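# Breakdown of the fold
One letter stands for each residue in the lines below.
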Amino acid sequence: MTTPALLPLSGRRIPTLSPGASSFPHHRATLRLSEKFILLLILSAFITLCFGAFFFLPDNSKHKPFSSTSVQVPPPPFFFSSFYCKEEESLRDKIRADHERALQEAKEKLRKSREELQAEIQTEKNKVMEDLKKKDTGPKPLPPVPMPKVAGVSDGEPPEPDVKEKRDKIREMMKHAWDSYRQYGWGHNELKPLAKKGHSTNIFGNSQLGATIVDALDTLYIMGLHEEFRDGQEWIEQNLDFGVNAEVSVFEVNIRFIGGLLAAYYLSGQEVFKLKAVQLAEKLLPAFNTPTGIPWAMVNLKSGVGRNWGWASAGSSILAEFGTLHMEFVHLTYLTGNPAYYQKVMHIRKLLAKMDRPNGLYPNYLNPRTGRWGQHHTSVGGLGDSFYEYLLKAWLMSDKTDTEARKTYDDAIEAIERHLIRKSNGGLTFIGEWKNGHLERKMGHLACFAGGMFALGADGSPDDKAGHYLQLGAEIAHTCHESYDRTVLKLGPEAFKFDSGLEAVAVRQNEKYYILRPEVIETYWYMWRFTHDPKYRQWGWEAAQAIDKYCRVSGGFSGVKDVYSSNPTYDDVQQSFFLAETLKYLYLLFSSDDLMPLESWVFNTEAHPLPVLHLGNITLPGSEPAQR
């Protein structure tokens, strides 16, 4: 436990008395506040002793025999009276002695020099601190639980020399990104690679929590960069403190920090990562203290006070944020034995199951006070995306026993396909956005993850639709590749339209940027794993070359503001997810399938791998069976 530093004694002065005053008062006036406090303690002790004697010593005048009409109690025998007198005299002698000793100690204190008093005060402070340390036993030890079976956490070297060469290049890009952060932004949340200094956004609050370190750990481990991994682990052991006065995004901190720490624990077996993840999770729990149990978007790590984003539909919580907690929270309950985590995410699922859904679609906004939907806006991109992803992955992570999650996912995807997925005039399949009864023919870069999701969920689809959903994933991958291929830099814009003769092209200036996002490459990787079609590696390599050519600077990697300009300007931010996701998915794309096999691992929405929990019919502590 970190204790706030005490103010130095020299930091405060009390003016001395004017000339002509006696030496004793003058000396006392030069004492510091702490020294006066000691004298007050001594005098208080003396007064307490005196009053104690007055109130509690036996008084002969009060020792009268109790009389009543029925009982007569005789006066105490002579030896009892004698005992009382001797006891009273003994206590009074003790009080006199204590009084004399207190006065003597006070005189001795006042004769001491300032330096001697300071030394005594410091000694007392040190003693108090030592006592506190002895009392502070630290966090309660976590119960021993079996480590889930993990496989393929390293190596995965491809047999083809040209593929190995590409993979080595991706590792070199990771090393450049990490080394630049290590040199210029160490301990900060992110890096400004052109300014070569630390950077942070409001999702992390105002504290240096080392987001890039936590986010990048598992990528470093998977790539075999173990020296860099150890540097990150050392920083986390010594510096990562969640007792700070910082207001953070519950969603972002969950997927980046808790997800990153849990993945690092499962990959390396180092206990520090598990302990830090649990410490942080406890700080997030107050966010769920709402009338509905739907968590606030933000919570202060120190005070536990939560609130929502001011722009979010009249104080609503956001579907993708409160719907993207399940994976991490189930693992927290598994590791701690505390059912609260599992219960909170299951409560959210059950609440949503009871609500009416317009056209079977989930709106992006839900008010945590009233439990009513906000603005009727549905998207598989920003604000909605990972809610659907986590329904599918909850089923996969439960070793396919959480059939409720699978059914909810299937129903949601059926409604999405019916109302949001369309084909353009040019034959490109895209996912639009539903706004108040109208389909907007625009797709965001974030929605490009859905190609991989459809492929991942193909096996287990109802009505023998596995082939259909694998094909749908391939069509989304093709559309998103076109959004890259139709730019000057061969990097995809933030959003692109399908109307007015334009297809897969950004129209607005504020949608033409690329901030090192991973979603398109994520879909390439999943499609490669399920089809082994070489075009996905080719498309991934095109993206990697474009990133290295246009986003690489001497101090790391930066996003660009206009992918249609041959002379792009930089946004000067190296996002933590570039190391956590973009480079990890590229590395896996050029690795063999035995590295992080999908039978054993499920990747959270920040690409942090969590192992499948082979629970079977085992009930998580304090919960209902997972498969119900």
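An account of the accompanying structure is given in this report. (Residues numbered from 1 in each chain as written. Predicted model: local features only at pLDDT ≥ 70, side-chain atom pairs only at ≥ 80, totals over all residues. Heavy atoms only, no water.)

## Describing the overall build of the protein chain
Operational definition: Numbering of helices and strands starts at the N terminus; helices are DSSP runs of H or I of at least 4 residues and strands are runs of E of at least 2. Working definition: with a 1.4 Å probe on protein chains only, accessible area under 20% of the residue-type maximum means buried, over 50% means exposed, and in between means partly exposed. Any two residues whose heavy atoms approach within 4.5 Å are treated as being in contact. Note on areas: Shrake-Rupley, 1.4 Å probe, and residue coverage restricted to the protein chains presented here.
For the protein chain, the count of helices and strands is 19 helices and 19 strands. Every one of the 628 residues in the protein chain was classed for burial, and the buried ones make up 53%. The contacts in the protein chain between residues at least 6 apart in sequence include a share of 69% that link residues at least 24 apart. Accessible area for the protein chain stands at about 29,200 Å²; split by element, carbon and sulfur atoms hold 54% of it.

## Describing the pattern of salt bridges
Here is the rule: Between Lys or Arg on one side and Asp or Glu on the other, a salt bridge is scored when a side-chain nitrogen of the former is within 4 Å of a carboxyl oxygen of the latter.
Scanning the model with the defined rule gives 30 salt bridges in all. Put simply, D168 and K164 hold a salt bridge, and the shortest N to O gap is 3.0 Å. Of this pair, D168 and K164 both sit in helix α5 (residues 161–184), four residues apart, which is roughly one turn of that helix. The exposure class assigned to D168 is partly exposed, which follows from its relative accessible area of 29%. A relative accessible area of 28% means that K164 is categorised as partly exposed. D548 is the salt-bridge partner of K169, the closest N and O atoms lying 3.0 Å from each other. Pair noted here: K169 is in helix α5 and D548 is in helix α18 (residues 534–550), with a separation of 379 residues, a long-range link. Look at K169 and you get partly exposed, because its relative accessible area is 27%.

## A short note on the layout of surface pockets
Condition: Here the term cavity refers to a set of points on a 1 Å grid, laid over the protein atoms alone, in which a 1.4 Å probe fits but cannot get out; the term pocket refers to an open set having protein on both sides within 12 Å along at least five of seven lines, with lining residues being those that place an atom within 4 Å of a point. Grid points are joined across faces, edges and corners, and a volume is the space filled by probe spheres set on the points. Residues are sorted three ways: Asp, Glu, Lys and Arg are charged, Ala, Val, Leu, Ile, Met, Phe, Trp, Tyr, Cys and Pro are nonpolar, and all the rest, Gly among them, are polar.
In this structure, the largest pocket occupies an estimated 1,300 Å³ of space. Around the largest pocket, the lining is made up of 46 residues, and of these G382, L383, L446, E494 and R517 lie nearest the centre. Taken together, the elements giving at least two residues each to the lining of the largest pocket come down to α8 (250–268), α10 (319–322), α13 (385–397), β11 (433–435), β13 (442–444), α17 (519–531) and α19 (576–589). Taken together, the residues that form the lining of the largest pocket break down as 16 nonpolar, 12 polar and 18 charged.

These figures capture arrangement, not role.
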